[in-house]
Every structure is written in C-alpha cells, then in structure tokens.
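The primary structure of each chain is shown beneath.
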Amino acid sequence: MKKALTYASYLRLDELLSLQEPLSEGPEHDEMLFIVIHQVYELWFKEVLHELDYVDRLLADGDRPRMLHTMKRVLTILKVLVSQLDILETMTPLEFMSFRSRLEAASGFQSYQFRELEFLLGVKDELAIRRFQEGSTGRRALEKRYGERTVWDAFLQFLHGAGYSLSPETLGRDVTHSVEPSAEVQEVLLEVYRNDPEVAAVCERLVDLDEGIQEWRYRHVKMVERTIGVKRGTGGSSGSEFLHTTLNRPVFPDLWAIRARL
Ligand code: HEM
C-alpha cells in the first residue's frame, strides 16, 4: 500500500535537515548559522530564478498584469534576501575566524545560481563559466543560460509588441553579450515614460529589481568589511576591494540613463 503523504515526506525533511554538516572541531557554535544562511540563500536563488524565467516568458508574450504580479513576488523575496544579511552580522569577526580556515577555497564566488541570475538578467561573462569544472551541474546550468535570451531581451520584445519601433539589430542582438547602453532604446523609453504609464509601470518594476540587486551587493560588501576587514577572500580575490568594483553597475543601464532627461 502507498504510504500516506505527510508534512515530512512531502518536504523531504529528513534529507533536508541532514544537510547541515559543520566541518570545525567541536563543532564551533557559529558554523551552523553560516551553513544554514547560505543554504537558505541558495533556496531563494532557486525560487527567484524560477519566477524570473516566468517573467521572461510573460514579457515576451506581452502579459503585463501577470508580469507585474510575478515581479511583486520577486521583489518581496529580494527584500528578504537583503534583510537576511542582518542575521549574519550578529556573527563577530572572531566567531567567523573560529571556523573560516575550514572553508579552504570555497566562496560565494562559486555560487552558480548567483551567476545564473546575472546571466538571466543580462550580465554575461564567458569566464564565469570556465571557473566551473566541465560536466558539473553549475557548468551545465551556466552553459545553457549563456546562449539563452535575457530578461532585457524579453523586455525589448515586450516594447516591440506594445507598438514601439525598435531596429532588427536591437531586437536580434547577440544574447551572449552583456546588455550595453543603447541610444535607440533610450529614445523609446523616454517616449514610454512621457506618454504611456502602463508600460512605464513595467519599466519601474525592472528598476526596482536592478536597485534591489545593487542594494544586496552593497549590504554584502559592508558585511564583508565588518567581518574580515581588508583580508583576502577565500575564493582568491582581494576581498572587499574586489567587491567594491561590482557596486554601482546597473544591469539595465538604459533605464537609469534616461532619468536625467525626464
Ligand atoms: C561571513 C560572511 C561572508 C563573507 C566574509 C563573505 C566574503 C566574500 C568575499 C571576500 C567575496 C569575494 C570573492 C572571494 O574572494 O571569496 C564574496 C563573494 C560573494 N559572496 Fe560572500 N561572504 C559572506 C557571506 C555571503 C552570503 C551569506 C552569501 C549569500 C549567498 C554570499 C554570496 C556571495 C556571492 C554571490 C559572491 C560573488 C559576488 C560577485 O562576484 O559579484 N556571501 N564573499
């Protein structure tokens, strides 16, 4: 007879709760928090990718109401992702140092879902793929996303479907390249913001998303500074110095560029 479904069996709780394995001697008290918070992040990254893949399809199909509804969910999750850093900031530098050496060269740098998120939004970098071992889950996921349309491309499609004229070069741009500022798109966006509040509302949700990611980067680097100061990262970078170079780099540059002209 088939076993009755339970809360634990549906959520595979026994497996899920056996996945937190501290490596330090003792183990050190704070390593549990460190593992749990990273695992929670990865679960939310999974959900955000799931929702943004949907947003991408809704944009390309021109389904504005459902796109806005789904974006509200994504943006709410993003707020949680940013505020979760407060929890990690309750860990002092000494508490982190008690187990940091156990991390060896492991680092958030190697979060393939974070790179997938960047790829999906339009930040493409072939080098990021090569950092993952050939045939690994991360490498395959990134290789797939690299050749796929980005949310920005779906948005351009959406503008086109809403009656805005965009050149075949812009609509058919090489999706393996990062999104670059475009004078042509900026002219269209100015027209949208001046005359078309319904389409402008879609633009504003993309700005929220972009700003939310930049906010996460800023809060992450501040947390890194207060936890390890100017020490190098376990992933081999210069640490906070490197992370500073990733700040203030919007994923949708055209949506920011037009503000000075409105
Ligand atoms: C004590 C806590 C943390 C410290 C000290 C820390 C430190 C660092 C450092 C130094 C880097 C630069 C790469 C390197 O050389 O390692 C980095 C990158 C990164 N970390 Fe963290 N991190 C912490 C927590 C987290 C958490 C909770 C997440 C959530 C997933 C995270 C996600 C990332 C990501 C995605 C990158 C790559 C950023 C990019 O390349 O733009 N980190 N982290």
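Note that the structure is a prediction, hence the values are computed from the model and not measured.

(A) Just the overall build of the protein chain, in detail. On a plain count of helices and strands, the protein chain comes out with 15 helices and 0 strands. In terms of overall dimensions, the protein chain has a C-alpha envelope of 65 × 60 × 35 Å along the principal axes. Counting only contacts in the protein chain whose residues sit at least 6 apart along the sequence, the fraction spanning at least 24 positions is 71%. Of the roughly 14900 Å² of accessible surface on the protein chain, a fraction of 55% belongs to carbon and sulfur atoms. A distance of 2 Å separates the average location of the 33 positive side-chain charges in the protein chain from that of its 42 negative side-chain charges.

(B) Inspection of the coordination of the iron atom of the ligand at higher detail. For the iron atom of the ligand, the sole protein-derived donor is His220 (NE2), lying 2.2 Å away. Of note, His220 is situated in helix H13 (residues 197–228).

(C) Examining a nonpolar patch on the surface more closely. On the surface, Leu5, Tyr7, Tyr10 and Leu11 cluster together to form a nonpolar patch covering roughly 520 Å² of accessible area. The class for Tyr10 is exposed, based on a relative accessible area of 60%.

(D) Region of interest: the site of the ligand. Around the ligand there are 27 residues in total, and Ser107, Arg115, Arg217, His220 and Ser237 lie nearest to it. At 3.4 Å from an oxygen atom of the ligand is found a main-chain nitrogen or oxygen belonging to Gly236. Elements with a contribution of two residues or more to the shell around the ligand: helix H3 (31–61), helix H7 (112–121), H13 and helix H14 (240–245). For the shell around the ligand, the element with the highest residue contribution is H13, accounting for 6 residues. Here the residues of the shell around the ligand sort into 13 nonpolar, 12 polar and 2 charged.

(E) Seen up close, helix H9 (residues 137–146). Taken residue by residue, H9 has Gly138, Arg139, Ala141, Leu142, Arg145 and Tyr146 as its buried positions. Angularly, the buried residues of H9 cover 165 degrees about the axis, an arc narrow enough to put them on a single face. In H9, those exposed residues whose orientation departs by more than 90 degrees from the buried face are Arg140 and Lys144. Among the structural elements, H3, H7 and helix H8 (126–130) are those in contact with the buried residues of H9.

(F) Geometry of the packing of aromatic side chains. Going through the model one piece at a time under the given rule, you end up with 13 aromatic pairs. Seen from their ring centres, Trp152 and Phe155 are 5.0 Å apart, and the 40 degrees between their planes marks the pair as tilted. One end of the pair, Trp152, and the other, Phe155, are both in helix H10 (residues 151–161), 3 residues apart, so they sit about a helical turn from each other. Using a relative accessible area of 2% as the deciding quantity, one classes Trp152 as buried. The buried category is assigned to Phe155, whose relative accessible area is 0%. The aromatic ring of Phe109 is capped on one face by Arg131, whose charged end is 4.9 Å from the ring centroid.

(G) Structural detail: the packing of helix H12 (residues 183–195) against H13. The geometry of H12 relative to H13 is characterised by a closest axis approach of 7 Å and an angle of 115 degrees between their N-to-C directions. Two packed elements cross with a definite hand, and for H12 against H13 that hand is left-handed. Listed contacts from H13 to Leu189, Val192, Tyr193 and Asn195 of H12 are Pro197, Val199, Ala200, Cys203, Glu204 and Val207. When grouped by side-chain class, the residues that make up the contact of H12 with H13 number 8 nonpolar, 1 polar and 1 charged.

(H) Representation of the pattern of salt bridges in the model. The final tally for this structure, using the stated rule, is 21 salt bridges. Each of Asp86, Glu89, Arg219 and Arg226 takes part in salt bridges that share partners, so that together they form one network.

(I) Structural view of H12. The end-to-end C-alpha separation of H12 is 19 Å, in line with the 18 Å expected for 13 residues at 1.5 Å each. When we look at burial in H12, the residues that qualify are Val185, Gln186, Val188, Leu189, Leu190, Val192 and Tyr193. On its buried side, H12 packs onto H10, helix H11 (168–171), H13 and helix H15 (253–257).

(J) Broad picture of the nonpolar core. Judged by nonpolar contacts, the single largest core of 63 residues is most densely connected at Leu52, Phe155, Leu159 and Leu209. For this core, the secondary structure elements donating two or more residues are H3, helix H4 (64–83), helix H5 (85–88), H7, H10, H12 and H13. Broken down by element, this core gets its largest block of residues, 13 residues, from H13. Residues Ile129, Phe132, Leu142 and Tyr146 belong to the second largest nonpolar core, which totals 6 residues.

Reading guide: rules and limits
- Residues numbered from 1 in each chain as written.
- Predicted model: local features only at pLDDT ≥ 70, side-chain atom pairs only at ≥ 80, totals over all residues.
- Heavy atoms only, no water.
- Helix = DSSP H or I, 4+ residues; strand = E, 2+ residues; numbered from the N terminus.
- Contact = heavy atoms within 4.5 Å.
- Areas by Shrake-Rupley, 256 points an atom, 1.4 Å probe, with all protein chains shown as cover.
- Lys, Arg positive; Asp, Glu negative; His and termini not counted.
- Charge placed at Lys NZ, Arg CZ, Asp CG, Glu CD.
- Donors = N, O, S within 2.8 Å, 3.2 Å for Na, K, Ca; no water.
- Patch = residues over 30% accessible without salt bridge, like charges linked within 9 Å, V, L, I, M, F, W, Y side chains within 5 Å.
- Salt bridge = Lys/Arg side-chain N within 4 Å of Asp/Glu carboxyl O.
- Buried < 20%, exposed > 50% of the residue type's maximum accessible area, 1.4 Å probe, protein only.
- Near = heavy atom within 4 Å.
- Polar contact = N/O pair within 3.5 Å; in protein donor to acceptor, adjacent residues only side chain to side chain.
- Nonpolar A, V, L, I, M, F, W, Y, C, P; charged D, E, K, R; others polar.
- Arc of directions from axis to C-beta.
- Phe/Tyr/Trp six-rings, centres within 6.5 Å; stacked < 30°, edge-to-face > 60°.
- Lys NZ or Arg CZ within 6 Å of the ring centre and 35° of its normal.
- Axes fitted to C-alpha atoms, helices over the stretch in contact; angles between N-to-C directions.
- Left-handed = near helix turned anticlockwise from the far one by under 90°.
- Expected span 1.5 Å × (residues − 1).
- Core = buried A, V, L, I, M, F, W, Y, C linked by side-chain atoms within 4.5 Å.

The values reported here are purely geometric and, on their own, carry no functional implication.
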